[in-house]
Amino acid sequence: MLLFIIFTSCKSSSVKTTVNEKEYTVLSIDSINNVYVIHAKKDSLYFKILSFKTEGRFSKCNKIQTGKSYDFKLNPGFLSDDRFSINLDGIWYHGETIRIERDSIYDLHEAKNLKGLCFKK
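Throughout this document, residue positions are counted from 1 along each chain, in the order its sequence is written. Per-residue local features are limited, in this predicted model, to residues with pLDDT of at least 70; the limit for side-chain atom pairs, both in listing and counting, is 80 or more; totals at the level of whole chains, interfaces and linings are taken over all residues. Only heavy atoms go into the side-chain values, all of them from the structure, while hydrogens and water stay out.

To continue, consider the sheet that holds strand S3 (residues 45-52). What makes two strands pair is DSSP finding at least two bridges between them. Helix and strand labels come from DSSP, where a helix needs a run of H or I of at least four residues and a strand needs a run of E of at least two; each type is numbered from the N terminus. Strand order in the open sheet formed by six strands is S5-S1-S2-S3-S10-S6, and the pairing between neighbours is mixed. Sheet topology places strand S5 (69-70) and strand S6 (74-75) at the edges, where each strand pairs with a single neighbour. Of the strand pairs in this sheet, S3 and strand S10 (residues 108-111) are connected by three bridges, and their pairing is parallel. Across the sheet, the residue bridging to Lys-48 is Leu-108, located in S10.

Turning our attention to the sheet that holds strand S11 (residues 114-115). Strand order across the open sheet formed by three strands is S4-S12-S11, with antiparallel pairing between neighbours. Pairing within the sheet leaves two strands with one partner each, and these edge strands are strand S4 (62-63) and S11. In this sheet, strand S12 (residues 118-119) lies alongside S4 in antiparallel orientation, the contact comprising two bridges. In the strand pairing of S12, Lys-63 is matched with Cys-118.

Among soluble globular proteins, nonpolar side chains are generally buried collectively. In terms of nonpolar packing, the biggest core is built from 15 residues, with Ile-38, Ile-49, Ile-64, Phe-72, Leu-74 and Leu-114 touching the most fellow members. Going through the elements one at a time, strand S1 (24-32), strand S2 (35-42) and S3 are the ones with two or more residues in this core. Sort the elements by how many residues they give to this core and S2 lands first, with three residues. Contacts are assigned to residue pairs with any non-hydrogen atoms lying within 4.5 Å of each other. Beyond its immediate stretch of four places on either side in the chain, Ile-49 contacts Tyr-36, Val-37, Ile-38, Ala-40, Phe-72, Leu-74, His-109, Glu-110, Ala-111 and Leu-114. We call a set of buried Ala, Val, Leu, Ile, Met, Phe, Trp, Tyr and Cys residues a nonpolar core when their side-chain atoms join them within 4.5 Å. Under the scheme applied here, a residue whose accessible area is under 20% of the maximum for its type counts as buried, over 50% as exposed, and between as partly exposed, the area being computed with a 1.4 Å probe on protein chains only. Counting residues in each nonpolar core, the second largest holds seven residues, with Val-35, Val-37, Leu-50 and Ile-91 among its members.

Let us now look at unusual backbone geometry. The backbone of Asn-33 shows a phi angle near 50 degrees, a positive value even though the residue is not glycine. With respect to the secondary-structure elements, Asn-33 resides in the loop between S1 and S2. One non-glycine residue, Asp-43, lies in positive phi territory at about 60 degrees. Considering the arrangement of structural elements, one finds Asp-43 in the loop between S2 and S3.

Moving on, we get to the environment of Lys-41. With respect to the secondary-structure elements, Lys-41 resides in strand S2. The exposure class of Lys-41 is partly exposed, given its relative accessible area of 30%. Through-space distance from the C-alpha of Lys-41 to that of Ser-69 is 9.1 Å; in sequence the pair is 28 residues apart. Excluding residues that lie within four positions of it along the chain, Lys-41 makes contacts with Glu-23, Tyr-24, Thr-25, Leu-27 and Tyr-46.

Below is the structure:
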């Protein structure tokens, strides 16, 4: 019994880094006139997240950055909104044509907690 107590109490404490399963890693941030196009990856899936530019509205905000991970709250039903329409090249989103990469990205998203490039937890 004494050996068991000594053995279990001498465990080395190691710092474990865990990845939040809900986090999306930002791969790139592009801009098409009034729209930001954010390419992100979660696990082995790729996402295209659209965000309308809101320059100057938020003086202090947590701007997203390429290579960092964020817990985006994706809005799956935004394509039924009247802010977009489908055309042969992709969709119209706030007056801009956004192409869909059919080889890797099959859907477009908005994030409820993203305004421009400002991330809100």
